[in-house]
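Architecture at a glance
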Amino acid sequence: MPSPTETAPLHLQTDILVIGAGGAGMMAALAAAGQGARVLLVDRALIGRGGATVMAQMTVAVALGSELPDSIAAHFNDTIAAGRGLCDPRLADIVTRDGPAAIEQLDAWHVGWARHPDGRIRQAHAPGHDKARCVYVDFLNTGPAVSKTLRAQLQRHENLITRAGDLMITDLVTADNAALGAVGFALSDGRPVSIAAKATIIATGGLTRLYRRNSASLNMSGDGYALALRAGAKLIDMEFVQFFPIGHLAPRMIGMDPIMWDPFRYKLGGRLLNSEGRAFLADYGESADAGYVTTRDQATFAILKEVEAGRGSPAGGAWLSFRHIPEEELRAAFGPVIERLAANGIDLTQQDIEVAPIAHYHMGGIQVTPGLLTAVDDLFAAGEAIGGSNGANRLSGNAITEALVFGEHTGRAAAARAATRQVRWSDAAAAAALARVAATGPARADIAALVVELQALMADKVGPFRNEAGLREALARIGTMREQIGDTPPGQPGPYDMARIDWFDLRTMLLVAQTVASAALSRTESRGAHQREDFPAMDQDWTVNQVISLHGDELEIVTAPVPVLERAA
Amino acid sequence: MTRPVAILLIERALPGQTPRTERFEVPFDPGQSVLDGVRLIRATADPGLAIRYSCINANACKECMLRVDGKVVYACMRRLEPREMRVQPLANKALIRDLVTEIAPPDERIG
Ligand SMILES: Cc1cc2nc3c(=O)[nH]c(=O)nc-3n(C[C@H](O)[C@H](O)[C@H](O)COP(=O)(O)OP(=O)(O)OC[C@H]3O[C@@H](n4cnc5c(N)ncnc54)[C@H](O)[C@@H]3O)c2cc1C
Ligand code: FES
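Residues numbered from 1 in each chain as written. Chains lettered and ligands numbered in written order. Predicted model: local features only at pLDDT ≥ 70, side-chain atom pairs only at ≥ 80, totals over all residues. Heavy atoms only, no water.

**Points about helix α2 (residues 23-34) of chain A**
Residue and element names in this part refer to chain A. An ideal rise of 1.5 Å per residue puts 16 Å on twelve residues; α2 measures up with 16 Å between its terminal C-alpha atoms. For α2, the buried fraction is high: eleven of the twelve residues fall into the buried class. Buried within α2 are the following residues: Gly23, Ala24, Gly25, Met26, Met27, Ala28, Ala29, Leu30, Ala31, Ala32 and Ala33. At the C-terminal side of α2, Gly36 shows a positive phi close to 90°. (Helix = DSSP H or I, 4+ residues; strand = E, 2+ residues; numbered from the N terminus. Expected span 1.5 Å × (residues − 1). Buried < 20%, exposed > 50% of the residue type's maximum accessible area, 1.4 Å probe, protein only.)

**A look at the nonpolar core**
Residue and element names in this part refer to chain A. If you look at the biggest cluster of nonpolar residues, it comprises 158 residues, and the most contacted ones within it are Ile16, Trp113 and Leu454. The greatest single-element share of this core, amounting to 15 residues, is contributed by helix α15 (residues 498-522). Not counting the four nearest positions on each side in its chain, Ile16 is found in contact with Ala32, Ala37, Arg38, Val39, Leu40, Ala197, Ala199, Ile201, Ala414, Ala415 and Ala418. Formed by 38 residues, the second largest nonpolar core is a distinct cluster that contains Ala61, Cys134, Tyr266 and Phe334. (Core = buried A, V, L, I, M, F, W, Y, C linked by side-chain atoms within 4.5 Å. Contact = heavy atoms within 4.5 Å.)

**A word on the sheet that holds strand β12 (residues 318-321) of chain A**
Residues and elements named next belong to chain A. Pairing in this open sheet of four strands is antiparallel, and the strands run β10-β13-β12-β11 from one edge to the other. The strands lining the two open edges of the sheet, one partner per strand, are β10 (241-250) and β11 (271-273). Strand-to-strand twist in this sheet, taken as the mean axis angle between neighbours without regard to direction, amounts to 45°. Pairing analysis gives three bridges linking β11 to β12, with the strands arranged antiparallel. Looking at β12, one finds that Leu273 is bridged to Trp319. Along the sheet, helix α7 (residues 261-268) makes contact with β10, β11, β12 and β13 (353-362), crossing β10 at roughly 90°. (Pairing = 2+ DSSP bridges. Axes fitted to C-alpha atoms, helices over the stretch in contact; angles between N-to-C directions.)

**Some words on the interface of chain B and chain A**
Each partner contributes to the interface: chain B provides 39 residues, whereas chain A provides 44 residues. Buried surface at the junction of chain B and chain A, both sides included, amounts to about 3200 Å², of which 54% is carbon and sulfur. Per-residue buried area on chain B facing chain A is highest for Asn57, Glu108 and Ile110 of chain B; these three make up 21% of the total on that side. Run the count over chain B and chain A and you get five salt bridges. Measuring nitrogen to oxygen at the nearest pair gives 3.0 Å for the salt bridge that ties Arg52 of chain B to Asp166 of chain A. Where chain B packs against chain A, one counts 14 residue pairs in polar contact (both at pLDDT 80 or more). (Buried area = accessible area lost by both parts, 1.4 Å probe. Salt bridge = Lys/Arg side-chain N within 4 Å of Asp/Glu carboxyl O. Polar contact = N/O pair within 3.5 Å; in protein donor to acceptor, adjacent residues only side chain to side chain.)

**A few points about the pairing of strand β3 (residues 65-68) of chain B**
Residue and element names in this part refer to chain B. Pairing of β3 with strand β4 (residues 71-74), which is carried by four bridges, proceeds in the antiparallel orientation. Its bridge partner lying in β4, Val68 is registered against Lys71. Here β3 folds back onto β4 in antiparallel fashion, the turn holding two residues, of which Asp69 has a positive phi close to 50°. Here β3 pairs with strand β5 (residues 84-88) via two bridges, running antiparallel.

**Overview of the sheet that holds strand β19 (residues 554-561) of chain A**
Residues and elements named next belong to chain A. In spatial order, the strands read β14-β9-β18-β19; together these four strands make up an open sheet with antiparallel pairing. On the outer flanks of this sheet lie β14 (365-366) and β19, each paired with one strand and no other. Two strands pair when backbone bridges link them, and strand β9 (residues 235-236) and strand β18 (residues 544-551) are joined in this way by two bridges, in the antiparallel orientation. In the sheet register, Ile236 faces β18, and the bridge partner there is Val547. Each of β9, β18 and β19 is contacted by α15, which is oriented at about 50° to β19, the strand it contacts most.

**Quick notes on the site of ligand 1**
Residue and element names in this part refer to chain A. Of all residues adjacent to ligand 1, which total 37 residues, the nearest are Asp43, Thr53, Thr59, Asp223 and Glu384. Separating an oxygen atom of ligand 1 from a backbone N or O atom of Ala52 is a distance of 2.8 Å. Thr59 is positioned with one of its backbone polar atoms (N or O) 2.7 Å from a nitrogen atom of ligand 1. Compared with its free state, where it exposes 1000 Å², ligand 1 has 99% of that area covered by protein. Listing elements by their share of the shell around ligand 1, those giving two or more residues are α2, β6 (167-175), β13 and α11 (398-418). Take the shell around ligand 1: its biggest share by element is four residues, from α11. When the residues that make up the shell around ligand 1 are grouped by side-chain class, the tally is 16 nonpolar, 15 polar and six charged. (Near = heavy atom within 4 Å. Areas by Shrake-Rupley, 256 points an atom, 1.4 Å probe, with all protein chains shown as cover. Nonpolar A, V, L, I, M, F, W, Y, C, P; charged D, E, K, R; others polar.)

**Digging into the packing of aromatic side chains**
All names here are of chain A. The full count for this structure, using the stated rule, is seven aromatic pairs over all chains. With centroids separated by 6.3 Å and ring planes inclined at 85°, the aromatic side chains of Tyr284 and Phe301 adopt a geometry described as edge-to-face. One end of the pair, Tyr284, is in the loop between β11 and α8 (296-308); the other, Phe301, is in helix α8, with 17 residues separating them in the sequence. Here the aromatic rings of Trp503 and Phe504 are separated by 5.0 Å at their centres, their planes lie at 90°, and the arrangement is edge-to-face. Among the aromatic side chains, those forming a connected cluster through ring pairs are Phe280, Tyr284, Phe301 and Phe465. In this structure, Lys305 packs its charged tip against the face of Phe465, placed 5.0 Å from the ring centre. Here the guanidinium or amino end of Arg394 rests over the ring plane of Tyr361, the centre of that ring lying 4.0 Å away. (Phe/Tyr/Trp six-rings, centres within 6.5 Å; stacked < 30°, edge-to-face > 60°. Lys NZ or Arg CZ within 6 Å of the ring centre and 35° of its normal.)

Structure below.
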């Protein structure tokens with residue numbers, strides 16, 4: 001039994017609380033400290049290691065113009081076009097305008113962008129962009145390099161930035177529709193923790209762990225969406241989950257990012273084949289010599305339709321083939337990665353591999369103003385946790401750009417806000433959340449299995465293709481699962497209690513799954529990443545966003561006109 | 001034909017306890033990692049079994065370090081084999097629970 005002193009709540013105080021230490025959270029912390037604010041940067045995993053940023057192996061899209069002449073307007077236009085009419089152009093404007101500065105900042109911090117012999121930063125051409133626009137760190141090392149660089153910068157600001165890993169935030173604390181801070185628990189001993197802050201930033205990343213096949217880490221359960229919704233903030237575009245078309249399916253590999261085949265395709269032009277050996281993307285509108293241009297939603301659609309028609313690969317996807325590419329060319333492009341494939345028994349000159357769509361990114365998220373403020377005062381959000389800037393579909397490479405740019409913006413905005421605030425804390429406002437993390441409940445053996453069941457349910461009924469019957473079935477089961485898990489976590493506060501962690505995750509995942517399924521049910525059209533079998537066409541009248549709020553236990557969904565960008569004359 | 005199994009002998013304890021070894025059998029599929037095996041045990045047999053990991057498959061987070069048959073490895077990189085494998089926490093780090101040890105840098109811990 002842990003002694004009572006070990007589990008006595010710990011109370012911390014700071015100017016700015018940043019929840020989540022991925023690209024967005026680390027940038028936010030650095031920007032806020034740059035304004036002289038004291039920052040507490042927390043993560044449920046280790047700092048800079050738990051989320052998508054460190055896993056991203058590919059590219060970052062910015063109109064740097066170092067490969068070919070480029071313009072902010074061209075990047076903006078591509079982003080808006082990919083979003084199928086639903087992007088908040090004010091947010092897309094910020095990302096595309098400030099992207100180059102973020103890339104130059106990281107360059108100055110020695111991230112190591114791949115360069116030409118003459119010193120120009122290399123930019124690759126990724127699908128959906130009108131030209132080569134995507135910077136990267138070789139070989140397949142972009143995310144790890146970005147994370148490492150930002151972690152090193154954090155250490156240089158130790159006087160202002162306190163880092164706390166293994167700290168899981170479970171609820172925000174609010175009074176009078178303003179954020180006062182947050183409550184959570186330390187994973188290493190289970191101790192309840194409360195944090196008072198003048199301003200709070202949610203930078204918890206996405207939700208793709210909701211799905212059976214995903215590119216997610218353990219920490220991508222959509223925590224920020226649930227935190228925000230319960231605190232009174234609103235979510236937008238929750239129906240738009242991006243499936244990455246060519247996620248690795250078979251043979252089983254270890255030590256490789258499941259989305260690693262993308263750069264192989266756009267650097268070398270791998271061919272996507274059905275069981276008859278046919279390059280089927282042509283049947284869905286890709287022209288034979290245009291290169292790798294099909295956007296993610298179109299490619300996902302094509303692969304799943306082939307599987308449905310009985311022309312899938314044995315494991316239920318498509319074949320990806322590089323056999324037409326000479327070995328020297330493969331080696332020149334991917335160096336040591338070829339060795340890592342060989343260790344997995346894969347020789348691309350001899351064999352095709354199987355790929356299938358996997359849940360990869362969330363376009364939707366917390367609704368924010370162009371100042372990155374949520375509907376709750378003193379509560380900001382950044383990175384994949386926010387919705388709006390990508391509309392119905394995201395362009396390859398834009399996610400890291402937005403994590404960096406929005407992170408920087410929120411850090412500065414929160415610091416400006418904190419400068420005008422005193423810490424206000426209310427034990428009463430935090431009481432219910434603290435009681436939950438301190439509670440003792442009956443042990444239970446079903447929690448990890450319930451997570452697996454929810455992932456299957458979401459994949460089968462709320463995946464890339466949806467219909468009314470399936471969505472209603474999913475919502476009904478989500479409701480009964482919520483009753484099944486009840487209001488009390490199993491066990492008692494203690495060191496690294498994974499059944500208890502799973503319970504808090506499931507509490508989050510069920511609420512977030514409900515928002516995705518509900519928004520998917522009410523959008524009676526197909527657009528971008530949201531495809532309804534019963535409403536297969538895009539409907540002009542649906543060129544609106546859906547905004548979700550929580551009232552007691554009830555979700556409310558309203559439609560809202562897509563914001564317009566008023567450019568200064 | 002019986003399906004091949006991997007047998008994981010997992011050392012479990014809380015700080016200060018004498019470790020006990022528990023035996024778990026999981027169906028073996030070629031290409032799986034030791035982490036795959038432990039996650040399967042959590043989902044089907046014992047959700048309380050503690051192991052630290054984030055990225056699962058990407059060799060990115062570096063959180064899943066432990067010992068297999070006495071050697072320090074990343075659980076997500078070490079292949080599962082259809083035989084008995086001994087899985088233990090790192091020996092040189094403070095134990096938190098089961099396979100989880102205190103690997104966070106000291107300046108990234110609270111309180
Ligand atoms: C495998 C993979 C490859 C990708 N490749 C690319 C690419 O090449 N280019 C591109 O542009 N985009 C890519 N993306 C998308 C991109 O990486 C992400 O959208 C982006 O990094 C998100 O950054 P973030 O800071 O918002 O969130 P993350 O980097 O996900 O960080 C969120 C952090 O919050 C923490 N957290 C979550 N919940 C809590 C809680 N309750 N309490 C405390 N902490 C919490 C997590 O542990 C995590 O560390 C990829 C994504 C994946 C998964
Ligand atoms: S789980 Fe991330 S490196 Fe093993």
